[in-house]
Amino acid sequence: MVSSSLFNPSFSTLTPKPTNPTTNRKNRLAPTVITCTSSTYDSSSPITSTNSHPPQQSHNRRNAEENIKDEARRHRSVSGSESRGFTARYVPFNEGFDSPEWYSLDDIVYRSRSGKLLDVQHDMEALSRFDGAYWRSLFDSRVGRTAWPYGSGVWSKKEWVLPEIDADDIVSAFEGNSNLFWAERFGKQYLSMNDLWVKHCGISHTGSFKDLGMTVLVSQVNRLRKLNRPVVGVGCASTGDTSAALSAYCAAAGIPSIVFLPANKISTAQLVQPIANGALVLSIDTDFDGCMKLIREITSELPIYLANSLNSLRLEGQKTAAIEILQQFDWEVPDWVIVPGGNLGNIYAFYKGFKMCKDLGLVDRIPRLVCAQAANANPLYRYYKSGWKEFKAVTAKSTFASAIQIGDPVSIDRAVFALRNSEGIVEEASEEELMDAMAQADSTGMFICPHTGVALTALIKLRRSGVIGPTDRTVVVSTAHGLKFTQSKTDYHSGAIPGMGRFANPPVTVNADFGSVMDVLKGFLKSDRLKSK
């Protein structure tokens, strides 16, 4: 059987010096193709010239008795690619790879000795031995493939995520590779913009961006259990989407999952996902912050691995969405990226992905970031408006954007760091604003979640104030699928929400006769509503 190039390492045609990528949209980056035939660096391979060839692909089907993991394992044994030259470790947040305090990723630890958040830092010196052209070509060569584990949008960047994990330990549903679509009508009709894009992370295995981080965390737990570490299960506090992702990936790996949910504060669609995946679901009479406090206490006493974003492993998967955006723009950098924010790990993850691409020579700048919060749960917005003088947690009020209904975010320091280093902005959306924005977006062919409505509201405000220009390439990150929030849409369009429904489109009840139907249709054809289409 012919050996697939995805598994056979050949670095002999690479140069260790980064090239200067072109990001001017009027002068698109010419594709650079080089021999890059494996995901794993072989330290014995010399680095010489820049002769380039596209990655070779095998067209032979694998042996009938093999599955895709068997095939990947066989190729690794033939190529000898088990030697790893890339490493990553936990260090205290905002400290580098060479920090004197560091921990193996196989350690079960969530904070530094001084109580600081931890961060996963990669050996950038080792990664930088290969130039930006190499990384761009390698990542691009894996898009749309089924070779294990690179069919995943996360694991196609394995060297930048968990470089030392064995492919056999990875738990993946080939998440990521989500749609980045041009929101043509919404941009033109409501914002006079011609380059507005939506990154639909909700088109994923469990319907939210949380899959990107959970594949990484559960894969590492799978590894820890094989190493006989004291982990009997994985637990999280959740506003809905985290519990859905955790329970699905744990179920795929046969690992017990426990989720703490605030009672009566998440949608039915979100609640049924962990139930269906066999998780132990605890509905607790408190809010998310109360659930978070409990899960932290429980995981300090029992051998249950903490899966919330206090654990920085998840951010390694979530950062790949930023890299993916650059890929989908042919490695051009957008001007703005707008991200809804609750517990605030995601805004830092996006920053981290963009920053790694800049530092390793794939692009020459990073976009400006905007974090959008619901006004009913807006501690970051208040902190930003104070000029970053003093952070105060708030008691989050009920919001239709339930997944970001968080008043005391774990990742506040991470978010502030990301925003300050990207000339970032924080905006907020009232309940009426976010629901109206969601309805407007849906009327142009989308079907978004309320959290995306928060992000679109931030865009509308920044566009009206002139901060974002009409030709600025802008990406709005949609974090979950609208099908998880059909009740809020139903209530909006049916008039069940007092004071809301400016863009409601309720069904028309008509008698079952020709004349009645014709009367309704004639009125519709003459209406201003039709003219605005």
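Residues numbered from 1 in each chain as written. Predicted model: local features only at pLDDT ≥ 70, side-chain atom pairs only at ≥ 80, totals over all residues. Heavy atoms only, no water.

Participant: An account of the packing of aromatic side chains is needed here, citing residue identities and associated values.
Facilitator: Any pair of aromatic rings gets described here by the distance separating the centres and the angle formed by the planes. A complete count under the given rule lists 21 aromatic pairs for this structure. Pairing Phe130 with Trp135 gives two aromatic rings, centres 6.2 Å apart and planes at 85°, and the pair type is edge-to-face. Residue class for Phe130 comes out buried when judged on its relative accessible area of 0%. Three or more aromatic residues link up through ring pairs in this structure, and these residues are Phe86, Phe130, Tyr134, Trp135, Phe139 and Trp160. (Phe/Tyr/Trp six-rings, centres within 6.5 Å; stacked < 30°, edge-to-face > 60°. Buried < 20%, exposed > 50% of the residue type's maximum accessible area, 1.4 Å probe, protein only.)

Participant: Before we move on, can you summarise the nonpolar core with the specific residues and values?
Facilitator: Among the nonpolar cores identified, the biggest contains 106 residues, and Trp135, Trp160, Tyr305 and Leu380 are the most heavily contacted of them. The element best represented in this core is helix H11 (residues 345-359), accounting for eight residues. Counting residues in each nonpolar core, the second largest holds 35 residues, with Ala401, Ala439, Val454 and Tyr492 among its members. (Core = buried A, V, L, I, M, F, W, Y, C linked by side-chain atoms within 4.5 Å. Helix = DSSP H or I, 4+ residues; strand = E, 2+ residues; numbered from the N terminus.)

Participant: Which residues make up the environment of Gly341, and what are the values?
Facilitator: With respect to the helices and strands, Gly341 occurs in the loop between strand S9 (336-340) and H11. With 114 residues separating them along the chain, Gly341 and Ala455 place their C-alpha atoms 8.8 Å apart. Apart from the residues lying within four places of it in its own chain, the contact partners of Gly341 are Cys371, Ala372, Gln373 and Ile404. (Contact = heavy atoms within 4.5 Å.)

Participant: Lay out the environment of Ile325 with the relevant residues and their values.
Facilitator: With respect to the helices and strands, Ile325 occurs in helix H10 (residues 320-328). Judged by relative accessible area, which is 0%, Ile325 ranks as buried. Once the C-alpha coordinates of Ile325 and Val337 are considered, the two residues, twelve residues apart in sequence, prove to be 9.7 Å apart. Ignoring any residue separated from it by four or fewer positions in sequence, one finds Ile325 in contact with Leu180, Lys199, Pro334, Phe350 and Val475.

Participant: How would you summarise the pattern of salt bridges if you had to cite specific residues and measurements?
Facilitator: Scanning all chains against the criterion turns up 21 salt bridges. Residue Asp241 is joined to Lys484 by a salt bridge in which the shortest nitrogen-to-oxygen separation is 2.8 Å. Remark: Lys484 occurs in the loop between strand S12 (474-478) and helix H16 (486-494) and Asp241 occurs in helix H6 (residues 241-253); sequence separation between them is 243 residues. The exposure classification of Asp241 matches that of Lys484, with both residues buried. Put simply, Lys489 and Asp442 hold a salt bridge, and the shortest N to O gap is 2.4 Å. Residue Lys489 is located in helix H16, and its partner Asp442 is located in helix H14 (residues 431-443); the two are separated by 47 residues in the primary sequence. Here Lys489 falls in the buried class, since its relative accessible area comes to 7%. What you see here is one network of salt bridges that share partners, running through Asp119, Glu316, Lys319 and Lys352. (Salt bridge = Lys/Arg side-chain N within 4 Å of Asp/Glu carboxyl O.)

Participant: Please give an account of the sheet that holds strand S3 (residues 180-182) that cites residues and values.
Facilitator: Reading across from one edge, S3-S4-S12-S9-S10-S11 is the order of the six strands in this open sheet, with mixed pairing throughout. Whereas interior strands pair on both sides, the edge strands pair on one side only; in this sheet they are S3 and strand S11 (425-429). With direction set aside, neighbouring strand axes in the sheet form an average angle of 25°. The pairing of S9 with strand S10 (residues 368-374) spans five bridges and is parallel. (Pairing = 2+ DSSP bridges. Axes fitted to C-alpha atoms, helices over the stretch in contact; angles between N-to-C directions.)

Participant: Can you explain unusual backbone geometry? Please cite residues and give values.
Facilitator: Comment: phi is negative for the bulk of residues other than glycine, and the bulk of peptide bonds are trans. For the peptide bond that leads from Trp148 to Pro149, omega is -5°, which places it in the cis range. With a phi angle near 55°, Phe174 is a residue other than glycine that sits in the positive phi range. Examined against the element boundaries, Phe174 turns out to sit in the loop between helix H3 (132-141) and S3. Overall, the relative accessible area of 27% leaves Phe174 in the partly exposed class. Positive phi is not limited to glycine here, since Asn177 has a value of about 50°. The residue Asn177 is located in the loop between H3 and S3 in this model.

Participant: I'd like a description of the pairing of S9, backed by residues and values.
Facilitator: With respect to burial, S9 is a largely interior element, five of its five residues being buried. Here S9 shows two buried faces, one formed by Trp336, Ile338 and Pro340 and the other by Val337 and Val339. Crossover handedness for the path S9 to H11 to S10: right-handed. Pairing geometry for S9 and S12, over three bridges, is parallel. Note that in S12 the partner of Trp336 across the bridge is Thr474. (Right-handed = clockwise from strand over helix to strand, strands pointing away.)

Participant: With reference to specific residues and values, describe the packing of H6 against helix H7 (residues 268-276).
Facilitator: Each pair of packed helices can be described by the angle between their axes along with the distance between the axes. Contact geometry of H6 with H7 gives a least axis separation of 8 Å together with a crossing angle of 20°. Judged on the interaxial angle alone, H7 and H6 are roughly parallel. For the crossing formed where H6 meets H7, the hand is left-handed. Where H6 approaches H7, its residues Asp241, Ser243, Ala244 and Ser247 are matched on the opposing element by Gln270, Gln273 and Pro274. (Parallel < 35°, antiparallel > 145°, perpendicular 65-115°, else oblique. Left-handed = near helix turned anticlockwise from the far one by under 90°.)

Participant: Break down H3 for me, with residues and values.
Facilitator: Burial within H3 is extensive, with nine of its ten residues counted as buried. Every buried residue belonging to H3 is among Gly132, Ala133, Tyr134, Trp135, Arg136, Ser137, Leu138, Phe139 and Ser141, and all of these are buried. Check the buried side of H3 and you find it contacts helix H2 (124-127) and H10. Taking the backbone nitrogen of Ala133 as reference, a side-chain oxygen 3.2 Å away marks Asp131 as the first, capping residue of H3. (Polar contact = N/O pair within 3.5 Å; in protein donor to acceptor, adjacent residues only side chain to side chain.)

Participant: Break down a nonpolar patch on the surface for me, citing the residues and quoting the values.
Facilitator: A cluster of nonpolar side chains, namely Val508, Val510, Val517, Val520 and Leu521, defines an oily patch on the protein surface of about 370 Å² accessible area. Mapping Val520 onto the fold places it in helix H17 (residues 514-525). (Patch = residues over 30% accessible without salt bridge, like charges linked within 9 Å, V, L, I, M, F, W, Y side chains within 5 Å. Areas by Shrake-Rupley, 256 points an atom, 1.4 Å probe, with all protein chains shown as cover.)

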